[in-house]
Amino acid sequence: MPARAPFEGWRVLELSNGIAVSYCGKMFADAGADVVKIESLQGDSMRSWSAGGPPGTLFGYLAAGKRSVAGGAQAAVLLAGADIVLTDLTDGWTLDGLRARTGPSAVVVAVTPFGTTGPYVDEGVVANEFILQALCGSIAGRGWPGDEPVQAGGRLGEWLAGVFAAAVAAAAARHAIRSGRGEIIDVSTYEAMAIAMGGLSAMSASVLGADSRLQQRSLELPSIVPTADGLVGFCTITAQQFQDFLVMIDRADLVDDAELASFDGRVSRRDEFLAMVTAWTRTRTTREIVDLAVAFRIPVAPIGSPATLPEVDHFVRRGVFVESACGSLHPRVPYRGDAMLTRPPGAAPRLGADNGRVHWAARPVRVGGDADELPLADIRITDFTAFWAGPVATQLLGALGADVIKIEGVRRPDGLRFAGGRPPTWDHWWEWGPVFLCSNNNKRGISTELGTDAGRSIALDLIAASDLVIENFSPRVMENFGLEWETVHAVNPRAVMVRMPAFGLDGPWRDRVGFAQTMEQATGMAWMTGHADGPPVIPRGVCDPIAGLHAAFAAIAALVVRDRDGSGLHVESTMVESALNVAAEMVLEYSGNGIELCRAGNRGPGAIPQGIYPCRGDDEWVALAALDDPARTSLAGLIGQPPLRADEWRDRADELDKLISHWTTGRPPAEAVAALRAAGVAAARVSPASALLSDPQLLARGFWERVDHPAAGSFLCTGMPFAFAGRPRRWIRRVSPLYGQHTAEVLTGLLERDERDLEVLRERGIIGSRPAGL
């Protein structure tokens, strides 16, 4: 059977003026949906967006393959025939107004900065991506103590919210097709960023409380350092990786240095440590260093830049960048499968090019299944994922109703169980990893040793009873276990298998170790983050959720194909290509216009001025962004200046920054924020991530969900960054599992093993209630 696009025949209406909804719509267009943009007569504001080159370059990427209808005359007719409506509620649209015009099975998704309810909405708080980063704890955790903290470049939060919206919309639309029940889904960009950009520290503060070892700033040593011909980035997550790193740089004499082995010790000896690292790296080329680090299995990457990314051997070999209709290079769709067609980048539509040419008849009323079920209640998942990227994917699918069964090895459990929690002196200390606890809700957990015949047999029986199999190991791991696609398909011809390798199932980097930090270094995210006169800085962490969400979207798309065609399929969804898709603007501008974008500290093209300024107090800062001329006029008055044009603010940026700093320095952050907001200037305290736990907007929206865990006790846990109208906002139905908690339940209930079988498996060490060797 020839491959077909997953969402062929789906109708998606897009009403937006920003990145989040536009990228969400792009994901549906890539997967074959008919996406029609409803634009004002002035057009989507992204048409005039420029980050340095001619306007429209980013729009060309986001709108490729879509159709454009300008003016509101056709909107009512198209709304009645749409399967999915995507909106950021600009141009005067409201959720109630949209719902009134759609059919009963339509899925309406709104993506807004704070969601559609809550005190920040009621108070009219204005926020762009930069202000949201300040609020969500992202900025406060980035940079060295004593320095000005710095934003993550590239407006990553907006892209993140778009992927969240796409995944939940796809699941809801699949359910609507089967049941006839649509949904109204309220997505908050702030909440998405609270999970992925401030969440690591917030999770730690919630689970561990006063014992949390929160750092003021998110620092890594080693990280990005100069080489003889460029820059290279390292990531040493484990103690073994750090010891191997010392051996690699010819400092084996320091392997037993206990102080240097600790994170705090390296920070206290920062200058000494960096001096010895750079003394070694500056005498070698980037390629020499990368090859050596790979041999040591140390996560490593050359620092991707606009000019170098399209030339990276791995990306070239895999055909990652493809020429678009407008001549610039676009990253291809970040997932692929032989039985699942995706679209190559087409041309962006001219404004109103399809006026009078789109004819969608109203969909007939469909009834079937249980309309009140969660969208994925019919799906069972065998979950081989570990760390953060894979568990984010399966947690989202579980929140949407899937029965997720997480498999952990007896000798090698999920490594996040041991990360950042309690010391080994604590009873059941492996149950306290904060990120594990906040990333594995709604899952049943079993233990089995996959390297044995008996353990593999358990896995195969689970696969036979599942709809979806998902894993995020390096490619060789599943092959070593004998659980590659051919085996999965033979055991269960209707199963979908989604694999999430860091760099892909083929290519020169296939077997390299890759973590989020490595992706951020390799894809240009780090290149766009940091002060203009300083080195690149990793955004820290956001790549994991971005990869997981793309994989979840790909899994839902594959299930739609399976539902339609009756046969399972194999899908590869790589971490690095997901990151390249959301960091695409650099390559778009360079390949299309010869513009080499670079980090600019806390400034940005969307607001003038925009920056971080010191306030009264210890390491207290305020973020502000003047988004229009009235805001700039008001800000000028606050600092004792006459009204200034935007170009004057730009030309006198350094001088005016000093005047703003003089004004903020004498005020506590709350006072500065209040005065700025009263003057119409978007502003926020640069909040530490722990402040998210008491944030009034998040509390009012029900974002935090209190859970009671049998080992870690009661704590606030991140839910999902969206709400379904008419449904209770409670996404956590089952707390993260204790190690092996549901082994007996799954093996006896689902796989029909008896108690004698379980006793033999325990005696042989095939299953267990605690990780081996602890």
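Starting from 1, residues in each chain are numbered consecutively following that chain's sequence as written. Thresholds applied to this predicted model are a pLDDT of at least 70 for local features of residues and 80 or more for the giving and counting of side-chain atom pairs; totals over whole chains, interfaces and linings are not thresholded and use all residues. Water and hydrogen atoms play no part in the side-chain values, which are based on all heavy atoms of the structure.

**Student:** With reference to specific residues and values, describe empty space enclosed by the protein.
**Tutor:** Points on a 1 Å grid, built from protein atoms alone, make a cavity when a 1.4 Å probe fits but cannot get out and make a pocket when they are open with protein on both sides within 12 Å along at least 5 of 7 lines; residues with an atom within 4 Å of a point are the lining residues. Grid points are joined across faces, edges and corners, and a volume is the space filled by probe spheres set on the points. All chains considered together, the criterion is met by four cavities of 30 Å³ or more. Roughly 120 Å³ of volume is contained in the largest cavity. Taken together, 14 residues form the lining of the largest cavity, with Phe164, Ile195, Val392, Gln395 and Met720 sitting closest to its centre. Every helix listed is a DSSP run of H or I at least four residues long, and every strand listed is a run of E at least two residues long, numbered separately from the N terminus. Only helix H16 (389-399) and helix H22 (543-565) provide two or more residues apiece to the lining of the largest cavity. We call Asp, Glu, Lys and Arg charged. Ala, Val, Leu, Ile, Met, Phe, Trp, Tyr, Cys and Pro are nonpolar, and the rest, Gly among them, are polar. Residues of the lining of the largest cavity, tallied by class, amount to 10 nonpolar, four polar and no charged.

**Student:** Tell me about helix H30 (residues 743-750), residues and numbers included.
**Tutor:** Among the residues of H30, Thr743, Val746 and Leu747 are the ones counted as buried. Projected down its long axis, H30 carries its buried residues within an arc of 90°, all on one side. Every residue pair with non-hydrogen atoms within 4.5 Å of one another is taken to be in contact. In this structure, the buried side of H30 is in contact with strand E14 (403-408), strand E15 (443-447), helix H18 (453-464) and helix H31 (755-763). Where H30 ends, the next residue or the one after it, Glu752, has phi of about 60°, a positive value. Summary of the burial criterion: residues with accessible area below 20% of their type's maximum are buried, those above 50% are exposed, and those between are partly exposed, where the area comes from a 1.4 Å probe applied to protein chains only. Within this analysis, the arc is defined by the directions that extend from the helix axis to the C-beta atoms.

**Student:** Account for the side chain of Arg562, with residues named and values stated.
**Tutor:** The residue Arg562 is located in helix H22 in this model. Residue contacts for Arg562: discarding those within four places in its chain leaves Arg174, Ile379, Asp467, Arg494, Val496, Ser567, Gly568 and Leu569.

**Student:** Pulling in residues and values, what's your account of the sheet that holds strand E21 (residues 682-685)?
**Tutor:** Taking strand neighbours across the sheet as the criterion, the three strands line up as E19-E20-E21 in an open arrangement whose pairing is antiparallel. If you trace the sheet from one side to the other, it starts and ends with strand E19 (610-614) and E21, each paired once. Sheet twist, expressed as the average angle between the axes of neighbouring strands with direction ignored, equals 20°. In the sheet, strand E20 (residues 621-625) pairs with E21 via four bridges, with the strands oriented antiparallel. Its bridge partner being in E21, Ala625 is matched across the sheet by Ala682. Relative to E19, helix H27 (residues 653-665) is tilted by about 45°, and along the sheet it contacts E19 and E20. For two strands to pair, DSSP has to find at least two bridges joining them. An axis is simply a line fitted to the C-alpha atoms; with a helix, the fit covers only the stretch in contact. Between two such axes, the angle follows the N-to-C directions and lies from 0 to 180 degrees.

**Student:** So what's going on with the nonpolar core? Which residues, and what values?
**Tutor:** Among buried residues, those of type Ala, Val, Leu, Ile, Met, Phe, Trp, Tyr and Cys that are joined through side-chain atoms within 4.5 Å constitute a nonpolar core. Membership of the largest hydrophobic core comes to 169 residues, with the highest contact counts inside it found for Phe7, Phe28, Phe553 and Phe722. At 16 residues, the largest contribution of residues to this core is made by helix H7 (residues 156-179). Not counting residues within four places of it along the chain, the set of residues in contact with Phe722 comprises Phe164, Val168, Ile185, Asp186, Val187, Glu191, Leu396, Leu400, Arg729 and Trp731. Among the nonpolar cores identified, the runner-up in size contains 25 residues, and Ile407, Ile458, Ala459 and Ala495 belong to it.

**Student:** Could you give me a rundown of the pattern of salt bridges, with the residues and numbers involved?
**Tutor:** Any carboxyl oxygen of Asp or Glu within 4 Å of a side-chain nitrogen of Lys or Arg constitutes a salt bridge here. Going through the model one piece at a time under the given rule, you end up with 57 salt bridges. Here Arg540 ties to Glu220 by a salt bridge, and the two come within 3.2 Å at their closest N and O atoms. Here Glu220 lies in the loop between helix H9 (199-208) and strand E7 (224-226) and Arg540 lies in the loop between helix H21 (516-523) and H22, a separation of 320 residues in the sequence. Accessibility expressed as a relative area gives 29% for Arg540, which makes it partly exposed. A network of salt bridges, in which partner residues are shared, links Arg174, Arg178, Asp378, Asp467, Arg562 and Asp563.

**Student:** Let's hear about the packing of aromatic side chains: which residues, and what values?
**Tutor:** Two rings from Phe, Tyr or Trp (for Trp, the six-membered ring) form a pair when their centres are within 6.5 Å of each other. A pair whose planes differ by under 30 degrees is stacked, one over 60 is edge-to-face, and the rest are tilted. According to the stated counting rule, one finds 23 aromatic pairs in the structure shown. Pairing Tyr61 with Trp159 gives two aromatic rings, centres 6.3 Å apart and planes at 50°, and the pair type is tilted. Separated by 98 residues along the polypeptide, Tyr61 in helix H2 (residues 57-62) and Trp159 in helix H7 bring together distant segments of the chain. For Trp159, a relative accessible area of 2% corresponds to the buried category. An angle of 90° between the planes, with centres 5.3 Å apart, marks the rings of Phe503 and Trp509 as edge-to-face. Like Phe503, the residue Trp509 is buried in the burial classification. Above the face of the Trp144 ring, Arg270 is positioned so that its terminal group lies 3.7 Å from the ring centre. Charge over a ring is defined by NZ of Lys or CZ of Arg lying within 6 Å of the ring centre and within 35 degrees of the ring normal. Above the plane of the ring of Trp426 lies Arg422, whose end atom (NZ or CZ) is 4.2 Å from the centre.

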